[in-house]
Amino acid sequence: MYILTDGISSRYEYEKLARVFFPDQKMNESEADDPAALRIEVRRCGRRLSSGLRLGGSEFYDETLVPENMPEDKNYCELAIAQLLCRQLIKLTGFNPPWGLLTGIRPMKLLRMLTREYGREEAERRFTEDYFVSQKKLAISRRTIAGEDKVLSLSKDNSFSLYISVPFCPSRCSYCSFVSQSVEHAAKLIPQYVELLVRELEITADIAASLGLHLESVYMGGGTPTTLSAEQLERVLTAATEYFDMSGISEFTVEAGRPDTVTPDKLAAIKRCGVSRISINPQTLSDEILRSIGRRHTVAQVYEAMDMAKAAGFDNINMDLIAGLQGDTLESYMHTIDGVIALDPASITVHTLAMKRSASMVTGRVAQYNAEGQLASQMLDYGEKRLTDSGYDPYYLYRQSGMVGNLENVGWSKPGYEGIYNVFIMDETHTILAVGGGAVTKLKQPRVNNIERIFNYKYPYEYISRFDEMMERKKGIKEFYDKFC
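Residues numbered from 1 in each chain as written. Predicted model: local features only at pLDDT ≥ 70, side-chain atom pairs only at ≥ 80, totals over all residues. Heavy atoms only, no water.

K.L.:
Could you clarify how one ought to interpret the overall build of the protein in this entry?
P.N.:
Looking only at helices and strands, one finds 17 helices and 17 strands in the protein. Computed over C-alpha atoms, the radius of gyration of the protein comes to 23 Å, within 12% of the 23 Å expected from 2.2 N^0.38 for 485 residues, which places it in the range of a compact globule. With the C-alpha coordinates aligned to their principal axes, the bounding extent of the protein is approximately 65 × 55 × 45 Å. The buried share among the 485 residues of the protein stands at 55%. Long-range contacts, defined here as pairs at least 24 residues apart, represent 72% of the contacts in the protein between residues at least 6 apart. With the model as given, the accessible surface of the protein reaches about 20600 Å², and the carbon-plus-sulfur share is 50%. With 57 positive and 65 negative side-chain charges, the protein shows a separation of 2 Å between the mean positions of the two kinds. (Helix = DSSP H or I, 4+ residues; strand = E, 2+ residues; numbered from the N terminus. Rg over C-alpha atoms; globule rule 2.2 N^0.38 Å. Buried < 20%, exposed > 50% of the residue type's maximum accessible area, 1.4 Å probe, protein only. Contact = heavy atoms within 4.5 Å. Areas by Shrake-Rupley, 256 points an atom, 1.4 Å probe, with all protein chains shown as cover. Lys, Arg positive; Asp, Glu negative; His and termini not counted. Charge placed at Lys NZ, Arg CZ, Asp CG, Glu CD.)

Quick look at the structure:
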């Protein structure tokens, strides 16, 4: 892929749009004149905006003028050129992406911003006509925003949420690109990691207290937190409850994601520490597909984990599924949806497979984008109907790069069981103070769309060896609040 920009500053945005249609194309400036390479040219000259593309023997070119009564501002011009380019890519490929021009992960944030500025009717018109979002995706967006708004009203100017990272897993799934270490390779690091994680919790809690911040939600994720032993889990969770003021929180979640890591003693430890919500994630109810994606558990263990969780007293249980897994058919996916609904979890998160380049599943693989996308879309349609008929409502939605069919992830819940932290993190509602390997603290200026980030080192061995350096970075939290709040 070669992209030429002239008079336009944001080549990256056009590259992201092109990847919606050509997810496996790489940028290669040396192939500028190669007829087999995708060549894109976008230009701005005064009021004249143009876009052209060439692939093999196919060429498309179009242009438009900035209206006399329209200011030639950067945002308007970039949107107008993106519209030209998107129309050309649709003609070239025959693929009409359901989310249109949108390549970011937070379409709900855009729709909410447009609604505040223009009102609902005009916002929805712009969403579909200016950004080419399909009516089907507008409909799920409309429903999702209604669910999100109930959660967002809980947040105040001094609110924050806490994220606790445990970057270890029993094994690495073939679709996964997250930074996590399999226990078989990193078991010896876990005891020291836990001790430093507890120390970071104490340091972070002291900073939050000194700033007068109010804790709204806590989320322990990873990785797979239940890779830790019951004693290690209780050590970390007890530290969180002792160091932070938990008296006003709306939710305390622990991902018990892999059913093969769930045991009665771990669930008892989690329950003793006041955790109100857990997630048990089968991804599919097919043993054959579980084996093919590298998840070392069985469907029977999913049912066993759910039985153990209910016996331990948990009534707020989430389950994650993935649409578009290799080898999954519409019929087998329907079996999964029906089977999970029969387990009666409080919430179900339906992900669409994201074809991440660093995941072993897609290394060296050419995506069959349209066929896979059509199947994944049928899976989501079936899931939406079954979940709606079973009393679940969408409450948050987000997207990732490389998603099969340019689709989305949606969280569904029964009324009153929305995942609070999920909404806060996706909307970027307030500050997220994050601890642990790979954790990213996101500092949000109240009432302003200004976010600064503080990064922890990704890998457990880095987290351990450079811990003091990371704690120096934590001083940036207070500096941010002194500057903006």
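K.L.:
Can you walk me through the pattern of salt bridges in this structure?
P.N.:
Evaluated as defined, the whole model comprises 36 salt bridges. Residue Glu-428 is joined to Arg-106 by a salt bridge in which the shortest nitrogen-to-oxygen separation is 3.5 Å. Taken together, the residues span a long stretch of sequence, with Glu-428 in the loop between α14 (420–427) and β15 (431–435) and Arg-106 in the loop between α2 (74–93) and α3 (107–118) at a distance of 322 residues. As far as the burial class goes, Glu-428 and Arg-106 line up, both buried. Between Arg-143 and Asp-393 there is a salt bridge, with the nearest N and O atoms lying 3.6 Å from each other. Of the two residues, Arg-143 sits in helix α5 (residues 135–152) while Asp-393 sits in strand β13 (residues 393–398), which places them 250 residues apart along the sequence. Owing to a relative accessible area of 27%, Arg-143 belongs among the partly exposed residues under this scheme. (Salt bridge = Lys/Arg side-chain N within 4 Å of Asp/Glu carboxyl O.)

K.L.:
I'm lost on the sheet that holds strand β2 (residues 39–45) in this one. Help?
P.N.:
The strands making up a sheet are joined through hydrogen bonds of the backbone, oriented either antiparallel or parallel. The strand order β1-β2-β3-β4 describes an open sheet built from four strands, whose pairing is mixed. Edge positions in the sheet fall to β1 (2–6) and β4 (58–65), since each has one partner strand and no second. Shown here is a sheet whose adjacent strand axes are inclined to one another by a mean of 10 degrees, direction ignored. Sitting on the sheet, helix α1 (residues 11–21) touches β1 and β2, and the angle it makes with β1 is about 145 degrees. Strands in contact with α2 are β2, β3 (48–55) and β4; relative to β3, the strand with the most contacts, it is inclined by about 25 degrees. (Pairing = 2+ DSSP bridges. Axes fitted to C-alpha atoms, helices over the stretch in contact; angles between N-to-C directions.)

K.L.:
What should I look at first to understand the packing of helix α4 (residues 120–129) against α5 in this one?
P.N.:
In helix packing, the relevant descriptors are the interaxial angle and the interaxial distance, both defined with respect to the helix axes. Their axes nearest at 10 Å, the elements α4 and α5 cross at an angle of 140 degrees. With respect to α5, the axis of α4 lies oblique. Pair α4 / α5 crosses with right-handed handedness. For the pair α4 and α5, the contacting residues are Arg-120, Glu-124, Phe-127 and Thr-128 in the first and Gln-135, Leu-138, Ser-141 and Arg-142 in the second. Residue composition of the contact of α4 with α5, by class: two nonpolar, three polar and three charged. (Parallel < 35°, antiparallel > 145°, perpendicular 65-115°, else oblique. Left-handed = near helix turned anticlockwise from the far one by under 90°. Nonpolar A, V, L, I, M, F, W, Y, C, P; charged D, E, K, R; others polar.)

K.L.:
Would you take a moment to explain the pairing of strand β16 (residues 440–444) for this structure?
P.N.:
In summary, the side chains of a regular strand alternate between the two faces of the sheet. Burial runs high along β16: four of the five residues are buried. Here β16 runs beside strand β17 (residues 451–455); their pairing, made up of five bridges, is antiparallel. The residue bridging Lys-444 from the neighbouring strand is Ile-451, located in β17. Counting the residues that bridge the hairpin from β16 to β17 gives six residues, and of these Arg-447 lies at a positive phi of roughly 65 degrees.

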